Amino acid sequence: MRSRNLAAGAIVATATLTTGALPAGADPAPSPPQAPLKDNTRSFDLVKPSGHPVVLRNAPRKLSVTYTYEGKKHTLDDFLARTNTQGFVVLDGQKVVMEKYNFAARDTRFQSWSMAKSFTSAAFGIALNEGLIHSIDDPVTRYLPELRGSGYDGVSLRNLLRMSSGIAWTETFSVPPVHVAASLGYPLTKLAAQQKRGWKPGSKFEYTSMNSFVLSWVVSRVAKMPFHRFVQEKLWKPGGMESTVYLGNDSNGDNMGYCCFYATDRDFARFGLLYLRGGKANGHQVVPASWVKQSTRPSAPFNQNYGFQWWLDSDGAFSAQGLAGQHIYVSPRYGVVIVKSTLATVVGDEESDAAFDAVAAEVARTRRAAAH
């Protein structure tokens, strides 16, 4: 699995100049129930929670976790400290076996950054299953004619999902100005239509946040409602989420799609649990099981580490990942979900796979030990 974090300079530019980009550990100011915040300094839409949240039971367990990375042995505590972790939640099924916060608390809303892409994938899969989208091999312009003549003209939805759109884009340099412009009120729809073709779609992998916005735009268009409303009614509520989430927008009515879910770590964990259980929550199918399977397996011969907006590991684990060290890690092998939130990880994030796999293995070991 490979993280796609922006360079340090881009992190600073994006975090300090953007709206809708509060530091992890900081809650957006509350808005009136009848209307989301709408201004050019803080722009969010509210997504209301389920009336019947998935129950997570406190069942703390002593976990003795060590792992080896590049020939050196590390402990979990060392990893969490070096990566400036502010929130850390480990689920064994619905049991919360570890939960730690540093300068934060259980009700803190953390910034998802690009973990949001996996939520967008889930919403897309639901829309596809409902027949609102005919096929992932349709050109995106079938649904968004506004993109005709742009670099997206004729690009398939499949190539957007697997980050192979062909537009001229370098994430480290391209996303900060786009994100800042959108946050200051410039429409993301116009920014998408300004993108140019750089290479043949479907020929290689190029991580591109704009692709994820376009996917969320498609969902909004076919559902005939704002993206955040679709997420609320089709994913957040039926998925059994416990708390209201704030979803960033461009101040012109379009949610970003590629970032900016402000949610608690427990709700991020519930999303991971939803995928661990094949798209089911509270006994109901929320995300189609076929989509969960398809989106969390290799999506192209040129990249075995990426599905449809999910990062993949060699042992069958998969994760949503965000800027500077945000993770929702799902291990079907061990039946474990891990969430890690931080303001900024400067060093150590490359060890996350090794650390998370060791945690998941230890949870499984202690589960077996407790059963005997």
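Up top you'll find the structure we're talking about.
Residues numbered from 1 in each chain as written. Predicted model: local features only at pLDDT ≥ 70, side-chain atom pairs only at ≥ 80, totals over all residues. Heavy atoms only, no water.

Draft legend 1. Just the overall build of the protein chain, in detail. Within the protein chain, the secondary structure is distributed over 11 helices and 15 strands. Long-range contacts, defined as pairs at least 24 residues apart, comprise 71% of the intrachain contacts of the protein chain with a sequence gap of at least 6. Per element, the accessible surface of the protein chain, about 14,300 Å² overall, is 52% carbon and sulfur. (Helix = DSSP H or I, 4+ residues; strand = E, 2+ residues; numbered from the N terminus. Contact = heavy atoms within 4.5 Å. Areas by Shrake-Rupley, 256 points an atom, 1.4 Å probe, with all protein chains shown as cover.)

Draft legend 2. Here's a closer look at the nonpolar core. With 81 residues, the main nonpolar core has Phe 124, Met 210, Val 214, Leu 235, Phe 271 and Val 287 as its most contacted residues. No other element matches helix 7 (residues 209–223), which puts 9 residues into this core. Discounting chain neighbours no more than four positions away, the residues touching Met 210 are Tyr 152, Ile 167, Trp 169, Val 178, Leu 188, Leu 191, Ala 192 and Gln 195. Residues Leu 76, Val 90, Val 359 and Ala 364 belong to the second largest nonpolar core, which totals 23 residues. (Core = buried A, V, L, I, M, F, W, Y, C linked by side-chain atoms within 4.5 Å. Buried < 20%, exposed > 50% of the residue type's maximum accessible area, 1.4 Å probe, protein only.)

Draft legend 3. Molecular detail of the sheet that holds strand 2 (residues 57–58). With mixed pairing, 7 strands are arranged side by side in an open sheet as 2-6-5-15-14-13-12. Looking at the sheet topology across the chains shown, the edges are occupied by strand 2 and strand 12 (311–312). With 5 bridges joining them, strand 14 (residues 326–331) and strand 15 (residues 336–342) adopt antiparallel strand pairing. Considered in strand 15, the bridge of Ser 331 is made with Val 336. (Pairing = 2+ DSSP bridges.)

Draft legend 4. Structural detail: the pattern of salt bridges. Across all of its chains, the model carries 15 salt bridges by this definition. One salt bridge in this structure joins Lys 237 and Glu 233, with 3.9 Å as the shortest N-O distance. On the basis of relative accessible area, Lys 237 is assigned to the partly exposed category, the value being 30%. Residues joined by salt bridges that share partners form a network here, namely Arg 61, Asp 92 and Arg 367. (Salt bridge = Lys/Arg side-chain N within 4 Å of Asp/Glu carboxyl O.)

Draft legend 5. Main features of the packing of helix 3 (residues 116–129) against helix 9 (residues 265–276). At a minimum axis distance of 12 Å, the contact between helix 3 and helix 9 shows a crossing angle of 45 degrees. Taken as axis vectors, helix 3 and helix 9 run oblique relative to one another. As for the relative orientation of helix 3 and helix 9, their crossing is left-handed in sense. Packed against helix 3, whose contacting residues are Ser 118, Phe 119 and Ala 122, the element helix 9 presents Phe 268, Phe 271 and Tyr 275 at the interface. (Axes fitted to C-alpha atoms, helices over the stretch in contact; angles between N-to-C directions. Parallel < 35°, antiparallel > 145°, perpendicular 65-115°, else oblique. Left-handed = near helix turned anticlockwise from the far one by under 90°.)

Draft legend 6. Inspection of the state of the cysteines at higher detail. A complete count under the given rule lists 1 disulfide for this structure. Covalent S-S linkage joins Cys 259 and Cys 260, the inter-sulfur distance amounting to 2.1 Å. Across the disulfide from Cys 259 to Cys 260, rotation about the S-S bond amounts to roughly -65 degrees, and the bridge is consequently left-handed. Using a relative accessible area of 1% as the deciding quantity, one classes Cys 259 as buried. (Disulfide = S-S within 2.5 Å.)

Draft legend 7. Representation of the side chain of Thr 85. With respect to the helices and strands, Thr 85 occurs in strand 5 (residues 85–92). Here the side chain of Thr 85 touches Thr 83 through a polar contact of 3.0 Å, side chain to side chain. If sequence neighbours within four positions are ignored, Thr 85 has contacts with Leu 80, Asn 102, Lys 340, Ser 341 and Thr 342. (Polar contact = N/O pair within 3.5 Å; in protein donor to acceptor, adjacent residues only side chain to side chain.)

These figures capture arrangement, not role.
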